[in-house]
Amino acid sequence: MDRRDFFKLSLAGGAALAAGSSPAEARETHTISPDALGLLYDATLCIGCKACVSACKEANEMPPEFLPKTEQPYWDQPLDISGKTLTVIKLYQNGTMEKKDEEQNGYAFIKKSCMHCVDPSCVSACPVSAMQKDPLSGIVSYNKDACIGCRYCVAACPFGVPRFTYDLAIPQISKCQLCRHRVKDGKYAACAEVCPTGATLYGKVTDLKQEAARRRALKPGTATIYPRGRLGGPEQNYPGVAAKYVDRLYGEKEFGGTQMVMLSGVPFEKLGYPDLPPRSDAAKSETLQHGLYGGLVMPLAFLGVLTYAARRTVKDEDSHHD
Amino acid sequence: MTEHAVSHAPAPAGGRLISPVTVVLAALALAAAVVLACRFVYGLGAVTNINDGFPWGIWIVYDVMVGSAFACGGYAIALLVYIFNRGEYHPLVRPALLASLFGYTLAGVSVIFDLGRYWNFWHIFWPGYAQVNSVMFEVAVCISLYILVMWIEFSPAFLDRLGMSGAKKKISKLMFLFIALGVLLPSMHQSSLGSLLVIFGSQIHPLWQAGFLLPLEYLMTAVLLGFAVVVFEATLVSLGFKRAMETALLARLARFIWGLLIAYLLVRVGDLAVRGALVSAFRFTLEAFWFWIEMICFVIPVWLLAAPAGRSNPGVLFAAAVMLMAGGFLLRVNGFLVGYETGAGWHYFPSLPELTVSVGLIAFEILAYIVFVKTLPVLPAQSATPR
């Protein structure tokens, strides 16, 4: 084999290693567990009382947050989720703000917390398995004892959910874990437990989606009943009026679905929720990684070529020196 | 004289270690150490401007991503000398390897400054914690291994001094294997630094979200930067140590740079065209502005290095190298910072202490390079210098 052949061979190896444009096997977007747990947030039922924000703080033993430069640091004032706050209710406002749940000259509330993605970017991004998705409940959990604090999860999440405590010498990631620590006491997500109107509802995702479908099928303005707390719990019969929704259950298809699903009268783009394709970014990233490094086949083949070439060159050099 | 000089084996350059230059460098490094002390006592937020909208600042994007790409000289030259069997570039190997050694070691160490829970960093290598689907896992493991491999590659330069000639002999016998690993590992992690962006999806501006071509683009620019840095360092070393320039050799190297640069631009612009992202370069946005600056940095060297006259002119070569380094810097800063948006209302610009650390790291690196070159056999011996 002469120099030219080496050149070609190594080049081919290098190109194959780098390009990976035709990965052997695509990593499919994950599908939802039949026992997945989650939340249904119905923005039209939300009255913006923020009882959920307060209950979440208490259940997760998180400190209060104050507005910058406030003269009244007496009560919790989070503007967004953060290292100290796992859920907030945000306000959408437009024009005269006359009507609730109207895009024009209206206002609306929207919950922000972890979506518990079916195929979460944070879990795929985490290099040390600190972010995990429970195979049954689908809850995306965080283990600070494993975490190295690299914040790849913070950067990767399309919803901007994992947050970090930059102000602490011993920092950690903060994110909603659907109150999984309360399950052993027979309790469930604190935000849903305290929600007075049932705007945030806890349950199995399949049931929540059925409930969402029922609401969407109702004629706006007609009388109906709403469950509160958790689906299948003691409080299932709160009378109310059917709302007018935009034709979308957010979280049904985005990135293969999320376990917090949402209904709203205002388009979700206006509420800060991105349009995401059905194929998850985690699936794309892992398809690329598996294509390049699956079974270490390509790196080892490339190493073989390199070793061969390097050995020949070094031998040549040695013989020159002799 | 140059032709004659290059045939000499490496030798210590000698000279005084304490000079105005080294004192200033040491002062800058010390300032960085003070900031880092604050960071470890009061947390990342006390000294940096990073936030939940920009969780990665210059300590990652510059110190690690650009820093390691600037440290690809050893990789690029090893690729040329040992894999493509271009022995004539051999005099460039040791100086380039030394710069890479420092660049990478510091990039690796500086990761610790940025890791929030740094005491757990070993989890990346530990079965049970290690998460092999993560691009970050691949980057971390390959960079760590490469730093190790480079110290072994460089060890013949100092094992003699330590009186370990036996170890040197054994390592030299297996050197071809370390050389091969020294090409494989940077190929893997330099491409993966681009792959890190894949999972950011539409949070990355279309001008930089090249999807499955990201690893190729980052790898090609890493090799380009490696060559550019070799030219850059060779020029500075010949000026700083008052040595003859290896212009003839660098001019030939510039031919490789030119070809690779054309190939890179074809991939980069071709991808933008195919994805229909090129239109966003013609809007009045900050992203479009920085995109053009980045492209100019890559395109001007194409013109500078096109003719043999330009390639054999040290000034032109140096200018082209600096522009390429700026282009590679911008590709990474644009991809990870300028072109990154996770939602409305987030801003990031590095704080003064943050910049102090990055500058201090560079100063420390140059300082260590000077000390090593003066005391260890790195640069080719020159007839003028007594051996």
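Scroll up a little and you will see the structure.
Residues numbered from 1 in each chain as written. Chains lettered and ligands numbered in written order. Predicted model: local features only at pLDDT ≥ 70, side-chain atom pairs only at ≥ 80, totals over all residues.

## Comments concerning the interface of chain A and chain B
By a widely used convention, the size of an interface equals the accessible area lost when the partners come together.
Consideration 1: With 59 residues of chain A at the interface, the matching set in chain B holds 57 residues.
Consideration 2: Elements with a contribution of two residues or more to the side of chain A that touches chain B: α1 (3-19), α3 (121-125), α4 (152-156), β7 (163-164), α7 (281-293) and α8 (297-321) of chain A.
Consideration 3: Considering only residue class, the side of chain A that touches chain B consists of 34 nonpolar, 16 polar and nine charged. (Contact = placed C-beta atoms within 7 Å. Helix = DSSP H or I, 4+ residues; strand = E, 2+ residues; numbered from the N terminus. Nonpolar A, V, L, I, M, F, W, Y, C, P; charged D, E, K, R; others polar.)

## Topic: the packing of helix α2 (residues 20-42) of chain B against helix α16 (residues 352-375) of chain B
Residue and element names in this part refer to chain B.
Consideration 1: Packing of α2 against α16 brings their axes to within 7 Å, and their N-to-C directions diverge by 140°. By the angle between their axes, α2 is oblique relative to α16. Note that α2 runs across α16; the crossing there is left-handed. On the side of α2, the interface is formed by Thr22, Leu25, Ala26, Leu28, Ala29, Ala31, Ala32, Val35 and Leu36, while α16 contributes Pro353, Thr356, Val357, Val359, Gly360, Leu361, Ala363, Phe364, Ile366, Leu367 and Ile370.
Consideration 2: For the contact of α2 with α16, the class distribution of residues is 17 nonpolar, three polar and no charged. (Axes fitted to C-alpha atoms, helices over the stretch in contact; angles between N-to-C directions. Parallel < 35°, antiparallel > 145°, perpendicular 65-115°, else oblique. Left-handed = near helix turned anticlockwise from the far one by under 90°.)

## Concerning unusual backbone geometry
All names here are of chain A.
Consideration 1: In this model, Met97 sits at a positive phi of 60°, which is unusual for a non-glycine residue.
Consideration 2: You will see that Leu296, though not glycine, has its phi angle at about 55°, which is positive.
Consideration 3: Relative to the helices and strands, Leu296 resides in the loop between α7 and α8.
Consideration 4: Classification of Leu296 as exposed rests on a count of 10 C-beta atoms within 10 Å. (Buried ≥ 20, exposed ≤ 12 C-beta atoms within 10 Å, placed from the backbone.)

## Thoughts on the packing of helix α4 (residues 58-70) of chain B against helix α15 (residues 314-338) of chain B
Residues and elements named next belong to chain B.
Consideration 1: At their nearest, the axes of α4 and α15 sit 10 Å apart, and the two run at 145° to each other. With respect to the hand of their crossing, α4 and α15 are arranged in right-handed fashion. Facing α4, whose interface residues are Val61, Met65, Val66, Ala69 and Phe70, α15 presents Met325, Gly328, Phe329, Arg332, Val333, Phe336 and Leu337.
Consideration 2: By residue class, the composition of the contact of α4 with α15 is ten nonpolar, one polar and one charged.

## Remarks on the environment of Gly339(B)
All names here are of chain B.
Consideration 1: Here Gly339 lies in the loop between α15 and α16.
Consideration 2: The sequence separation of Gly339 and Ala381 amounts to 42 residues, and the corresponding C-alpha distance is 46 Å.
Consideration 3: Those residues in contact with Gly339 that lie beyond four places of it in its chain are Ile204, His205, Leu207, Trp208, Glu287 and Asn334.

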